[in-house]
Amino acid sequence: MVLLAVGLIAGCLNTLAGGGSLLALPVLMIFLGLPHNVANATNRVAIVLQNIFAVLGFKSKGVSAYPFNVWLGISAFFGAIVGAFLAVDIDREVFNKILAFVIVGVVIYMAINPLKYFKKEENTSKKATLTSIIIFFFIGIYGGFIQAGVGYLMIMALTLVNGFSLVKTNSIKVFVALTYTSVALAIFIYYDIINWEFGIPLALGQAVGGWLSSRWSVKLGDKWIRYFVMVTASAFAIKLFFF
C-alpha cells in the first residue's frame with residue numbers, strides 16, 4: 001500500500017515536472033531496506049510502466065512532437081547504456097552522497113523555479129535540434145545512472161534551447177524517459193539486481209499517476225505535490241548524507 005501511494009504521487013510528479021524518484025528511491029532504501037543499487041534498479045520498473053501510460057495519455061490528447069522526440073530518445077538511449085553500467089557496482093556511500101546532493105539541488109531548483117517567467121519562440125531548427133541531441137546524450141548518462149531529478153534537466157534543456165510549451169515539453173520528456181529507461185532496465189535485469197516484489201506495486205502506482213496527470217493538467221495538485229516533495233525530500237537528504 002505504501003508503494004502504491006508513493007508510486008501514485010511519483011507518477012503524477014514525474015509527468016507534470018520531475019522529481020518523483022526523489023521520493024521513490026529513499027522509500028525503497030530507507031524504509032524498505034533495499035541495497036542502494038537494487039533500489040536504483042527497482043525504481044526503473046516503475047519508471048518504464050509510468051512512461052508507457054504517460055505517452056499513451058499525451059497521445060490520446062493529440063499532443064505530439066514527432067520526429068523530434070525520436071531523435072532525442074535515440075541520443076539518450078546510448079547515453080543511458082553508459083550510465084546504467086556505472087550504476088551497477090557503485091559504492092553505497094558514494095551513491096548515498098550523490099543522491100543527497102542531487103536531492104538538495106533539485107529542492108533548491110523547485111523552490112526558485114527559474115524557468116517560471118521564461119518565454120521563447122519554439123525552435124526546431126537544425127542547429128537547435130543538434131544542440132538538444134548532444135545535450136540529451138549526457139542527460140541519458142545521468143538518467144541511466146540515477147534517474148532522480150532528470151525531468152528537471154530535460155525541462156530546462158527543452159525550454160532554453162527549443163522554447164517548447166510545458167505541455168509539449170512534458171510529452172517529449174516522458175517519451176525520452178521511456179526510451180532510455182528501457183535500456184537501463186534491461187541492463188539491470190541482466191545483472192539480476194531488481195526486486196520485483198517491490199517494483200511491481202510501485203510501478204502500478206506510477207502508471208496510474210502517469211496516465212491521470214498526462215491527461216489532466218491539475219495545477220493545484222502540482223503545486224501541493226511540489227511542496228510535499230520539497231519537505232520530504234529535504235528530510236531524506238539529511239538522512240542519506242549525515243546518517
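As a starting point, this report considers the structure included with it.

About the thresholds
Residues numbered from 1 in each chain as written. Predicted model: local features only at pLDDT ≥ 70, side-chain atom pairs only at ≥ 80, totals over all residues. Heavy atoms only, no water. Helix = DSSP H or I, 4+ residues; strand = E, 2+ residues; numbered from the N terminus. Contact = heavy atoms within 4.5 Å. Areas by Shrake-Rupley, 256 points an atom, 1.4 Å probe, with all protein chains shown as cover. Phe/Tyr/Trp six-rings, centres within 6.5 Å; stacked < 30°, edge-to-face > 60°. Buried < 20%, exposed > 50% of the residue type's maximum accessible area, 1.4 Å probe, protein only. Core = buried A, V, L, I, M, F, W, Y, C linked by side-chain atoms within 4.5 Å. Axes fitted to C-alpha atoms, helices over the stretch in contact; angles between N-to-C directions. Left-handed = near helix turned anticlockwise from the far one by under 90°. Nonpolar A, V, L, I, M, F, W, Y, C, P; charged D, E, K, R; others polar. Salt bridge = Lys/Arg side-chain N within 4 Å of Asp/Glu carboxyl O. Polar contact = N/O pair within 3.5 Å; in protein donor to acceptor, adjacent residues only side chain to side chain. Expected span 1.5 Å × (residues − 1).

1. A word on the overall build of the protein chain
A count of helices and strands for the protein chain gives 10 helices and zero strands. Counting from the amino terminus, the protein chain carries its helices and strands in the arrangement α-α-α-α-α-α-α-α-α-α. Sequence-distant contacts in the protein chain: of pairs separated by 6 or more residues, those separated by 24 or more amount to 86%. Accessible surface, the protein chain as shown: approximately 11,200 Å² in total, 72% of it carbon and sulfur.

2. A few points about the packing of aromatic side chains
Counting across every chain of the model gives five aromatic pairs. Between the aromatic rings of F77 and F78, the centroid separation amounts to 5.4 Å while the plane-to-plane angle is 85°, which identifies the pairing as edge-to-face. Accessibility expressed as a relative area gives 29% for F77, which makes it partly exposed. Of the residues examined, F78 reaches a relative accessible area of 46% and is grouped as partly exposed. Look at F85 and Y191: their rings are 6.2 Å apart centre to centre, the planes differ by 90°, and that puts the pair in the edge-to-face class. Taken together, the positions of F85 in helix α4 (residues 68-88) and Y191 in the loop between α8 (166-190) and α9 (196-215) put the pair 106 residues apart, joining distant regions of the chain. In this structure F85 comes out as partly exposed when scored by relative accessible area, which is 44%. In this structure Y191 comes out as partly exposed when scored by relative accessible area, which is 36%. Put simply, the rings of F85, Y190 and Y191 touch in pairs and so form one group of aromatic residues.

3. A closer look at the nonpolar core
L28, L99, F188 and L202 are the most contacted members of the largest nonpolar core, which totals 42 residues. Counting residues per element, the ones that place at least two in this core are α1 (2-16), α2 (21-31), α3 (36-60), α4, α5 (92-112), α8 and α9. For this core, the element with the highest residue contribution is α5, accounting for eight residues. Membership of the second largest hydrophobic core comes to 17 residues, among which are L72, M154, Y180 and V183.

4. Overview of the packing of α3 against α8
Between two packed helices, the angle of one axis relative to the other and the distance separating the axes together describe the packing. Between α3 and α8, the least distance of the axes is 8 Å, while the angle of their chain directions is 145°. As α3 packs across α8, the resulting crossing turns out to be left-handed. Touching A41, R44, V45, I47, V48, N51, I52, A54, V55 and F58 of α3 are V167, N170, S171, V174, F175, A177, L178, T181, S182, A184, L185 and F188, all from α8. Partitioning the contact of α3 with α8 into residue classes produces 16 nonpolar, five polar and one charged.

5. With respect to the side chain of N69
Residue position: N69 is located in helix α4. Its relative accessible area of 10% is what places N69 among the buried residues.

6. A look at the pattern of salt bridges
Scanning the model with the defined rule gives three salt bridges in all. Put simply, E93 and R92 hold a salt bridge, and the shortest N to O gap is 2.9 Å. Here the salt bridges do not stand alone but share partners, grouping R92, E93 and K97 into one network.

7. Description of the environment of Y180
Along the chain, the position of Y180 falls in helix α8. For Y180, a relative accessible area of 0% puts it in the buried group. The spatial distance from the C-alpha of Y180 to the C-alpha of I139 is 9.7 Å, given a sequence separation of 41 residues. Other than its neighbours up to four places away in sequence, Y180 contacts A76, F77, A80, G143, G144, Q147, V150 and M154. At a separation of 2.9 Å, a polar atom in the side chain of Y180 contacts the side chain of Q147.

8. Observations regarding α1
With 15 residues, α1 extends 21 Å from end C-alpha to end C-alpha; this agrees with the ideal 21 Å at 1.5 Å per step. Residues of α1 that are buried: L3, V6, G7, A10, G11, C12, L13, N14, T15 and L16.

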